[in-house]
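# What the coordinates show
Here is what each chain is made of, one letter per residue.
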Amino acid sequence: MAESDASALNPQQGHRASDELVRSLLEAGALAPDWMETFRAVPRALFLPDLVWAHDMATGRSVPVSRSSDSAGWELAAYANVPLVTQWDDGAHTGCEPGTVPTSSASMPSVVAAMLRDLDVSDGMRVLEVGTGTGWNAGLLAHRLGSGNVVSVEIDEAVIHQARGALLRAGLHPETVHGDGGGGWPDGVPYDRVIVTAGVRAVSPRWLEQSRPGGVILAPWGTHYSDQDALVRLTVREDGSASGPFLRMVEFMKLRDQRLDWNRFREHVPVFPGDAEVSGTAVALTDLGDRYETARFVMGFCVPDCAHVINRSDGGTAKAWFFDLTSRSWAAVVFRSGEPDATVYQSGPRRLWDEVEAAYRWWAGRGEPDLTRFGLTVTAEGQRVWLDDPVDSWAVR
């Protein structure tokens, strides 16, 4: 069966599945009522390739599902509230088995619906989307606002080619641009809304420049400390800056030019522990925060230019690594099951663990404030994170 053969779907079954998905999104509060008609009219299944990989958020496993060999399973995945990987390794991957790095996907429908709800569009607004992906999000926006009011930019030529075909089959014609979304799209300015569907480590000044005063930029933002992203809703000011709160934790593939290359740390630790300074800490592994926890996110912007990863063993031992992005400094903390204190190793001019521990104690000492009490301000000078009040902020890189 060809990838473009949407007619092979069972229309009656597809309508039932689409209605059920809309119902579940409404009940969960992800889908705003004013988006119901659009979600029914623009089904996700129209935008998916023949082969997708259903991603299990709990285990991290991606399972291939082919419409050619398992049409029922493929349709089930198409209307399920799960993320579907649609490309691996920037298109270099072939075959049915998962590749190394997922590089394009169809986001969970609940994430798509909630982001469109938070974007808060109304008739006549112009929207710039950064990251076309499958084209579903651009299709939803085009149906709601009119194709002439939507511009979507995608860096991968193969991905945007597929998205254009899907949009055409759906009878929708937003402007789709093959290019680097970090530069926005000046031909369509000014925009009332900018929605970014990839994780960013720096908000592009082009997005601010191309937005109207009072416009909104909605983007998954984070630091290189971890893979975590938090959705931030920035309002553009008359002076060209933008500021707004973090809404909730999300997880997105990163913009290509903002990905972290872990190979850069290969020379940091030629021999372990080498000449590292040894000490101890009472901070527990659980204190460092898990996948969607605020503590981990806060440490990321309190300890700038630091990358962090945890290696776990079957024997109950875990080692947390910290690498400086600007020097050869590193730290490692070894946590052993049943032992009250962990062993700390630090090397180089920067004492990374000391900074991480200080950041954790700062957050704990303020009553462990939730993510929604933090926000971000972006100016020509850079990015600043704040707690409760934008006036009281500190710079992040």
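Before any of the text, the structure's been laid out above.
Residue positions are given per chain, counting from 1 as you read along its sequence in written order. Restriction of local features to residues with pLDDT of at least 70 applies here, the model being predicted, together with a cutoff of 80 or more for giving and counting side-chain atom pairs; totals for whole chains, interfaces and linings are based on all residues. The side-chain numbers reported here are obtained from all heavy atoms of the structure, hydrogens and water having been left aside.

### What to know about the overall build of the protein
Short version of the rule: A run of H or I in DSSP becomes a helix once it reaches four residues, and a run of E becomes a strand once it reaches two; helices and strands are each numbered from the N terminus. Only the C-alpha atoms count toward the radius of gyration. The rule for a globule is 2.2 Å times the residue count to the power 0.38. Only heavy atoms matter for contacts: two residues are in contact if any of them lie within 4.5 Å across the pair. Residues counted as positive are Lys and Arg, residues counted as negative are Asp and Glu, and His and the chain ends are not counted. Each charge is placed at NZ for Lys, CZ for Arg, CG for Asp and CD for Glu.
When you go through the protein residue by residue, the secondary structure sums to nine helices and 19 strands. The C-alpha atoms of the protein give a radius of gyration of 22 Å, which matches the 21 Å a tight globule of 397 residues would have. By principal-axis analysis of the C-alpha atoms, the protein measures approximately 65 × 55 × 35 Å. Excluding contacts between residues fewer than 6 apart, the proportion of contacts in the protein whose partners are at least 24 apart in sequence is 59%. Distance between charge centroids for the protein: 1 Å, based on 36 positive and 53 negative side chains.

### Section: the layout of surface pockets
Rolled over the atoms, a probe as big as a water molecule pinpoints where empty space is left. Defined as follows: Put simply, the grid is 1 Å and covers the protein atoms alone, a cavity is a trapped set of points that fit a 1.4 Å probe, a pocket is an open set with protein on both sides within 12 Å along at least five of seven lines, and lining residues have an atom within 4 Å of a point. Grid points are joined across faces, edges and corners, and a volume is the space filled by probe spheres set on the points. Just so you know the grouping, Ala, Val, Leu, Ile, Met, Phe, Trp, Tyr, Cys and Pro go in nonpolar, Asp, Glu, Lys and Arg go in charged, and all remaining residues, Gly too, go in polar.
In this structure, the second largest pocket occupies an estimated 360 Å³ of space. For the lining of the second largest pocket, the secondary-structure elements that each account for two or more residues are β1 (51–55), β3 (84–88) and α6 (157–169). Across the lining of the second largest pocket, the residue classes tally to six nonpolar, 10 polar and one charged.

### Brief notes about the sheet that holds strand β2 (residues 62–66)
The line we're drawing: Any two strands with at least two DSSP bridges between them are considered paired. An axis is simply a line fitted to the C-alpha atoms; with a helix, the fit covers only the stretch in contact. Between two such axes, the angle follows the N-to-C directions and lies from 0 to 180 degrees.
Judged by pairing direction, the sheet is antiparallel, and its four strands sit side by side in the order β2-β1-β3-β4 without closing on themselves. The open sheet is flanked by β2 and β4 (102–106), the only strands paired with a single partner. In this sheet, adjacent strand axes meet at a mean angle of 40° when their direction is disregarded. Judged from the five bridges that link them, β1 and β2 form a sheet pairing that is antiparallel. Across the sheet, His 55 pairs through a bridge with Ser 62, a residue of β2. Of the strands in this sheet, β1, β2 and β3 are in contact with helix α3 (residues 71–78), which crosses β2 at around 125°.

### Things to note about empty space enclosed by the protein
Throughout the structure, instances matching the rule amount to one cavity of 30 Å³ or more. Volume-wise, the largest cavity comes out at about 40 Å³. Surrounding the largest cavity, Ser 18, Leu 21, Val 22, Phe 39, Val 42, Pro 43, Arg 44, Tyr 79 and Trp 136 form its lining. Considering every element that reaches the lining of the largest cavity, the biggest residue donor is helix α1 (residues 11–28), with three residues.

### As for helix α4 (residues 109–119)
Each α-helix turn comprises 3.6 residues. Residues three or four places apart therefore point the same way. Just so we agree on the cut-off: Note on classification: 1.4 Å probe, protein chains only; a residue is buried when its accessible area is under 20% of the maximum for its type, exposed when over 50%, partly exposed between these limits.
Of all 11 residues that make up α4, nine are buried, and the element is covered over most of its length. Those residues of α4 not exposed but buried are Pro 109, Ser 110, Val 112, Ala 113, Ala 114, Met 115, Leu 116, Asp 118 and Leu 119. Backbone geometry just after α4 places Asp 120 at a positive phi near 55°.

### Quick notes on the packing of aromatic side chains
Geometrically, a pair of aromatic rings is defined through the distance of the ring centres and the angle of the planes. Formally: A pair of aromatic rings is counted whenever rings of Phe, Tyr or Trp (Trp by its six-membered ring) have centres within 6.5 Å, and the orientation is called stacked for planes under 30 degrees apart, edge-to-face for over 60 and tilted otherwise.
Per the stated rule, a full pass over the model turns up 22 aromatic pairs. An angle of 80° between the planes, with centres 6.4 Å apart, marks the rings of Trp 262 and Phe 323 as edge-to-face. You can see Trp 262 sitting in the loop between β11 (242–250) and β12 (277–281) and its partner Phe 323 sitting in strand β14 (residues 317–324), a full 61 residues away along the chain. A relative accessible area of 37% means that Trp 262 is categorised as partly exposed. Residue classification places Phe 323 among the buried residues on the basis of a relative accessible area of 8%. Centroid distance Trp 362 to Phe 374: 6.5 Å. Interplanar angle 50°. Geometry classified as tilted. In this pair, Trp 362 is assigned in helix α9 (residues 352–365) and Phe 374 in strand β17 (residues 374–379), connecting sequence segments 12 residues apart. For Trp 362, a relative accessible area of 22% corresponds to the partly exposed category.

### A word on the side chain of Thr 223
Within the secondary structure, Thr 223 is located in the loop between β9 (211–221) and β10 (229–236). In this view, Thr 223 contacts Arg 201, Gly 300 and Phe 301; residues no more than four positions away in its chain are not counted.

### Examining the sheet that holds strand β6 (residues 150–154)
One open sheet holds the 10 strands; their spatial order is β7-β6-β5-β8-β9-β10-β11-β17-β18-β19, and the pairing between them is mixed. For this open sheet the edge positions go to β7 (175–178) and β19 (393–396), each flanked by a neighbour on one side alone. Geometrically, the sheet is characterised by an average inter-axis angle of 20° between neighbouring strands, direction not taken into account. Against the sheet, α4 contacts β5 (127–130), β8 (191–196), β9, β10 and β11, and its axis sits at roughly 155° relative to β8.

### Some points on the packing of α4 against helix α5 (residues 136–145)
The condition is simple: Roughly parallel means an angle under 35 degrees; roughly antiparallel means over 145; roughly perpendicular covers 65 to 115; every other angle is labelled oblique. Handedness of a crossing is defined here by the sense of rotation of the near helix relative to the far one, left-handed for an anticlockwise turn of less than a right angle and right-handed for a clockwise turn.
Remark: α4 packs on α5, axes separated minimally by 11 Å, with the N-to-C direction vectors making an angle of 40°. By the angle class used here, α4 and α5 are oblique. The handedness of the crossing between α4 and α5 is right-handed. Contacts from Pro 109, Val 112, Leu 116 and Leu 119 of α4 reach α5 at Trp 136, Asn 137, Leu 140 and Leu 141. Residue composition of the contact of α4 with α5, by class: seven nonpolar, one polar and no charged.

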